[in-house]
Amino acid sequence: MSPEEAAKAYINQAAGNIRFLYENSPADLQRRAPLWYEGANRISDALAQRWGVPRQSASAALASLSPQKDWFMNASLGERVGDIVTGNPRATADMAAWAAANPKLAADPKAMEAIRAIEGKRLDQVDPDQAALFVRAYDEAHNPRNYRSVLPEGDYGDFVRTASGDPAKVAWGTFADINKAVRAIQSGGDMDTLSPLLGAKHKVRSFYNNIEVPNDPRFGDITGDTHQVAAAQMRPLSGSSEAVIQHLASGGPAGSVNAKSSAVTGVQGTYGLVADATRQFAKEYGMLPRAAQSATWEPIRELFPADWKTAKNATAVDDIWKAVDRGELSVDQARRAIFDVAGGIGTPEWLRGGIDTRAPQLGSTYR
C-alpha cells in the first residue's frame, strides 16, 4: 500500500474496532460513558471556585498531572496540588522526615539540599523550582494516601480499592508534572503561561480542551491515551507497548525506528490516525469526538482489566489478529473471538449500585 492507503486502512479498521466495543457495551455504559468530560469540567469548575482561581487554571493543572495516570488518581492529584498551593502552608519537620525516609530523595544531595532550603518557609516563599518538592513532601507527610473513584457525571464515589480489597494508594508522577500544575494554579488563567505548560504533544493539550470546553464543537479534540490506542487496536496494551510509544511519540528503545513527527505541522507520532478513527466513529453516531472517545474508554478497561494484561493473554489476542492476516478469520470473527477470550465487557464500579456519592462542590477525592 501507499502511505495514504495504509493510513486509510488503519483508520477504517480502528474505527470498526471502536464501533464494535461501543455496540457491545451494556446500555447504561453507552448512555453514561460519553459524559466523562462533562463530569471533568464540573470537577474543574468546583475546584476553581474553591481555590479562587479561573477554571482554565484548574483544568490545566489536571491536564498537566495526567501522564500515565488514570482519571481517578489524576483528579485526586490535581485537588491535592491546588489545596496545598492555595492553602500556602508552612514547611514542617514531618516533610523533612518523609524526604529522609525516601530512598531516592535521600540519595540525592540536591534534593536534600532543597528540603533544607524550604525548612520553615511557606510555599509562596520558596524558590519556584522547589515548589513541586514542597507540594509532594507536604502531601506525603500530612494527607491521606487513599483516593476516591469518580463517576462520569463528575460526582465522587467510594474510595478505590485494590484487587485484594485493600484501599488503593495515590501515586505521584514526576516533579516536572507537579511543577507544571503548581504554575498553572498560580497563573491567574493567563494562556500565555498555560499554553507552554501544556506542551507540544497532543494528549495533554487535547485533555485540557476536553476538560475546559467539552461541548465546544470547533476543536474535535481526542484525548488519545493508552486506553484509546488499545480500543483502536483491540489489544491489551500498556504505556510501555510499542503501539502506545509510537502513538504518543514518546520515543522507543535505543535503536528502534520511531514514527516521525513534524515541526512544520506539529504532528506527533501516529496520534492523528487514532484521533481520526475516533472522529469517524463519532460522526456515524452523531457524537462529539470527545464523547466518542470516552464512550469506549471504560469498555476497553473492562474488557482488558489491568490484572488480565499478562504476556500470555496479550499473545493470545495477537494470535487471533494473526489469523486474520492469514485469511483464517474475518475481522469481525476476530473481534468476537477476542471478546470470548477476554470474557467480554465487565461492569464498572459506578454501574454496580450502592455507591456513596458526593458532589465535587461538597466533597473531596482524598478526605
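Residues numbered from 1 in each chain as written. Predicted model: local features only at pLDDT ≥ 70, side-chain atom pairs only at ≥ 80, totals over all residues. Heavy atoms only, no water.

## A look at the overall build of the protein chain
On a plain count of helices and strands, the protein chain comes out with 18 helices and 2 strands. The C-alpha radius of gyration computed for the protein chain amounts to 21 Å, which stays within 12% of the reference 21 Å derived for 367 residues, consistent with globular compactness. Taking the principal axes of the C-alpha coordinates as reference, the protein chain spans close to 70 × 50 × 40 Å. Counting all 367 residues of the protein chain, 51% fall into the buried class. In the protein chain, once contacts between residues fewer than 6 apart in sequence are set aside, the share between residues at least 24 apart is 71%. A total of about 16700 Å² of accessible surface is found on the protein chain, and carbon and sulfur atoms cover 51% of it. If the 41 positive side-chain charges of the protein chain are averaged to one point and the 43 negative ones to another, these points end up 2 Å apart. (Helix = DSSP H or I, 4+ residues; strand = E, 2+ residues; numbered from the N terminus. Rg over C-alpha atoms; globule rule 2.2 N^0.38 Å. Buried < 20%, exposed > 50% of the residue type's maximum accessible area, 1.4 Å probe, protein only. Contact = heavy atoms within 4.5 Å. Areas by Shrake-Rupley, 256 points an atom, 1.4 Å probe, with all protein chains shown as cover. Lys, Arg positive; Asp, Glu negative; His and termini not counted. Charge placed at Lys NZ, Arg CZ, Asp CG, Glu CD.)

## Here we look at the environment of A96
By secondary structure assignment, the location of A96 is in helix α6 (residues 93-101). Considered as a pair, A96 and Q125 are 29 residues apart in the sequence and their alpha carbons are 17 Å apart.

## Examining the environment of G239
Position of G239 relative to the elements: it lies in the loop between α13 (226-233) and α14 (242-248). When the C-alpha positions of G239 and D225 are compared, they lie 8.8 Å apart, and in sequence the two are 14 residues distant. Those residues in contact with G239, other than ones at most four positions away along the chain, are Q68, T226, V244 and I245.

## Details of the nonpolar core
Counting 102 residues, the largest nonpolar core has W71, V81, V135 and L303 as the members making the most contacts within it. Considering every element that reaches this core, the biggest residue donor is helix α5 (residues 71-87), with 8 residues. Residues in contact with W71, not counting those within four places in the same chain, are W36, A40, I43, L62, V150, F207 and W297. (Core = buried A, V, L, I, M, F, W, Y, C linked by side-chain atoms within 4.5 Å.)

## Some points on the packing of helix α4 (residues 55-64) against helix α12 (residues 202-212)
At a minimum axis distance of 9 Å, the contact between α4 and α12 shows a crossing angle of 140 degrees. Taken together, the axes of α4 and α12 lie oblique to each other. Crossing angle aside, the handedness with which α4 passes α12 is right-handed. The segment α4 lies against α12, with R55, Q56, S59, A60, L62, A63 and S64 engaging V204, F207, Y208, I211 and E212. Its residues placed into classes, the contact of α4 with α12 shows 7 nonpolar, 3 polar and 2 charged. (Axes fitted to C-alpha atoms, helices over the stretch in contact; angles between N-to-C directions. Parallel < 35°, antiparallel > 145°, perpendicular 65-115°, else oblique. Left-handed = near helix turned anticlockwise from the far one by under 90°. Nonpolar A, V, L, I, M, F, W, Y, C, P; charged D, E, K, R; others polar.)

## Some thoughts on α4
Counting buried positions along α4 gives 8 out of 10 residues, so the element sits mostly inside the fold. What α4 keeps buried is the set S57, A58, S59, A60, A61, L62, A63 and S64. Against the buried residues of α4 lie α3 (36-51), α5, α10 (175-185), α11 (191-198) and α12.

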